[in-house]
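Close look at the chain arrangement
These are the residues of each chain, in order.
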Amino acid sequence: MSHWIIAPLLLPLFTGLALLLGARRNLRMRRAISLAATTALLPLAAVLLMQAHDGAYQVYALGDWPAPFGIVLVLDRLSALMLMLTAALALPALLYAVRGSDAAGPGFHALFQLQLFGLNGAFLTGDLFNLFVFFEVLLIASYALLMHGQGPARSRAGVHYVVLNLIGSSLFLFAVGTLYGIAGTLNMADLAVHVAHSGASDAPLLRAAALLLLVVFALKAALLPLYFWLPRAYASAHAPVAALFAIMTKVGIYSILRVYTLVFGAEAGLLADLALPWLWPLGLATLVLASIGALAAQELRTLVAYLVLISVGTLLAATALGTPDALAAALYYLLHTTLISGGLFLLAGNIRRQRGPYSDRLLEIAPPLQQAALFGVLFFLGAVAMVGMPPLSGFVGKLMLLSAVMPGTAGVSGAQAAWFWATVLGGSLLTLVALSRAGSRMFWRTQGDALATERPDGLRIFGTAALLGASPLLVVFAAPVTAYTQATALQLASPASYIDAVLGADARAAYARTLEDTRQ
Amino acid sequence: MELLFALCIGLLTACGAYLLLRARTFPVVMGLTLLSYAVNLFLFAMGRLATGAPPVIGQAENHTDPLPQALVLTAIVIGFAMTAFVLILALRSRGETGNDHVDGEDVASGPVKEQRP
């Protein structure tokens, strides 16, 4: 049993605790520790990515308690990919933050590390209650990060965010309790075996619990009826916090992918493919409404928040199709959209600093920026990637999504293809209009002398450029990345191997037999 | 006993949901608290209700499932911390926005201007 798996949990946990207890006075020291730990996450994630690359599952039994009794961490391709994405997003956001955003409150770096701890834990755990605990860890950290720096707008968005997520946590516990009451286990692999062999008498309760769980994950992912908190919360957060939050909606999407392929997936007997009929219309509706929201946005930050929602809608609609091709394309698109929306949040933060009183409002007329060329180029890069125009990664992502949903592809009906093409292309058009309007107002419709502000900070620009620069990189390395996401999609489509890896093939067969016997 | 227990949980949940919809921070906090009580009782009941059965094997003839009790403990700790946090947050929001509506805007009098104490 390799101990590498637990390193991405222990590193941010202990760094966060050390930052909380020691070095309270010395901001420079805190920055150095936090930066070092976050940088170290990158090679760690890379090691795990290499280990997961061959497709073997790695199961780490905490305290060496065997699978259904103890809590396990499971590393597969999807987990490794999400860990890598978290590390790649966190470092540029932190680079931006150390240039002053972290000085507004004493706890920023500790909270940032604990947030990473919660994120990494949620991506690795193989136990449903443990997933709840990691959700709470990352939420507690995110509540405080959202409030970082105070102000009425932040408290207002914060109240919504906290109350909604607390209700979500209660629902999560109700769902977990119901599942435990029926199946007697919360280990996801064990639960999957139980659900697959559940009789008709248990099925309605299991279905209720599963859909309750879907509500919770949809709240985290910001799916249609549950997304109204997101634009306000993300727009009122500090830029680096908002950039890190770009992965928070993806935690919801990851949980949906994990639970509804493994436990309530295609092989779940009476409860097979439970979530897909819900995800499909809601995903498409989210896409449409978020596109309209993007058109109406008055500030660059709000616009980017709506772009996050558009990506959520696209991803969940593609997931709902359930074909491996669509899933592989969605995973590529997920990488692209997380990094680019994080980069655009940082860019909006930069622009706010430079424009002073004009902030990042999209005004009819405003004085030009002093470094209009620099910010213009960065904005253009991000906008082209986000809209999905060639040659950047958004184009590749959307092309793969659309070609995975071609009419006539196996598993995709003509109506589904028509709906998907129409909404994704329509949404892209609206995004194009919204971003062109934002860009031309920000950079072209200017009047008067340039704003006399300080020079932009090098490190902040570097953080922004690093995230936006992920787009050309994703195009250059499109072949290996898509090979990886395709393998990931295939791995997700065969939950039996996950269960065998966690429980052991013999134990699983014996358990399935006992379940069948008790049923008869 | 099961019926009484279920009715209790249902009543707590209903009261919690009602208070949450009041959209003033204090009732909302109370609603969250009631909801978390309901959750804790519910989790506890998922190990099946039994009287006089300790959650330890070998102490008595029957034993009850210890895991839900561990889950409830975790849930209580988390719920308690969250309630404390949301109270502080509500107080701060009251101080900064000048009213106790969860939207930060008083419905009766329209959006509140920045108020300085």
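Residues numbered from 1 in each chain as written. Chains lettered and ligands numbered in written order. Predicted model: local features only at pLDDT ≥ 70, side-chain atom pairs only at ≥ 80, totals over all residues. Heavy atoms only, no water.

Tallying secondary structure elements over chain B gives three helices and zero strands in all. When the helices and strands of chain B are read in sequence order from the N terminus, they spell out α-α-α. For chain B, with 117 residues in total, the buried portion stands at 35%. The contacts of chain B with a sequence gap of at least 6 include a subset with a gap of at least 24, amounting to 49%. Just so you have it, chain B exposes about 7200 Å², and 68% of that area is on carbon and sulfur atoms. (Helix = DSSP H or I, 4+ residues; strand = E, 2+ residues; numbered from the N terminus. Buried < 20%, exposed > 50% of the residue type's maximum accessible area, 1.4 Å probe, protein only. Contact = heavy atoms within 4.5 Å. Areas by Shrake-Rupley, 256 points an atom, 1.4 Å probe, with all protein chains shown as cover.)

Contact residues are listed per partner, giving 29 residues for chain A and 32 residues for chain B. Roughly 2700 Å² is buried in total at the junction of chain A and chain B, and carbon and sulfur atoms are behind 75% of that figure. A per-residue breakdown of the area chain A buries against chain B is headed by R156(A), F174(A) and Y180(A), which together make up 23% of the total. On the surface where chain A and chain B come into contact, there are zero salt bridges. At the junction of chain A and chain B, the tally comes to four residue pairs in polar contact (both at pLDDT 80 or more). At the level of secondary structure, the elements contributing two or more residues to the side of chain A that touches chain B comprise α5 (128–147) and α6 (152–183) of chain A. Tallying contributions element by element places α6(A) first for the side of chain A that touches chain B, with 17 residues. Counted by class, the side of chain A that touches chain B contains 17 nonpolar, nine polar and three charged residues. (Buried area = accessible area lost by both parts, 1.4 Å probe. Salt bridge = Lys/Arg side-chain N within 4 Å of Asp/Glu carboxyl O. Polar contact = N/O pair within 3.5 Å; in protein donor to acceptor, adjacent residues only side chain to side chain. Nonpolar A, V, L, I, M, F, W, Y, C, P; charged D, E, K, R; others polar.)

Looking now at the side chain of S341(A). If you trace the backbone, S341(A) turns up in helix α14 (residues 324–355). Ignoring anything within four residues of it in the chain, the contact list for S341(A) reads A246(A), V304(A), V308(A) and M386(A).

Looking now at the pattern of salt bridges. Residue and element names in this part refer to chain A. Applying the stated rule across the entire model yields nine salt bridges over all chains. With its nearest N and O atoms 3.2 Å apart, the salt bridge here joins R508 to D500. Residue D500 is classed as partly exposed on the basis of its relative accessible area of 26%. Among the ionic contacts, a cluster of salt bridges with common partners joins E299, R301 and D360.

What follows concerns the domain arrangement of chain A. All names here are of chain A. Domain boundaries assigned for chain A yield domain 1 (1–273 + 499–520) and domain 2 (275–476). Computed from C-alpha coordinates alone, the two centres of domain 1 and domain 2 are separated by 25 Å. Summed over both sides, the interface of domain 1 with domain 2 buries roughly 3600 Å², with 81% coming from carbon and sulfur. For domain 1, the biggest contributors to the area lost against domain 2 are Y96, R99 and L223; these three give 18% of the whole. Across the contact surface, domain 1 and domain 2 share one salt bridge. Note that D457 and R99 form a salt bridge whose closest N and O atoms lie 2.9 Å from each other. Linking domain 1 with domain 2 are seven residue pairs in polar contact (both at pLDDT 80 or more), by the criterion used here. Contributing elements (two or more residues each) for the side of domain 1 that touches domain 2: α3 (77–97), α8 (203–221), α9 (230–236), α10 (239–245) and α11 (248–262). Sort the elements by how many residues they give to the side of domain 1 that touches domain 2 and α3 lands first, with ten residues. (Domains from an automatic or database assignment.)

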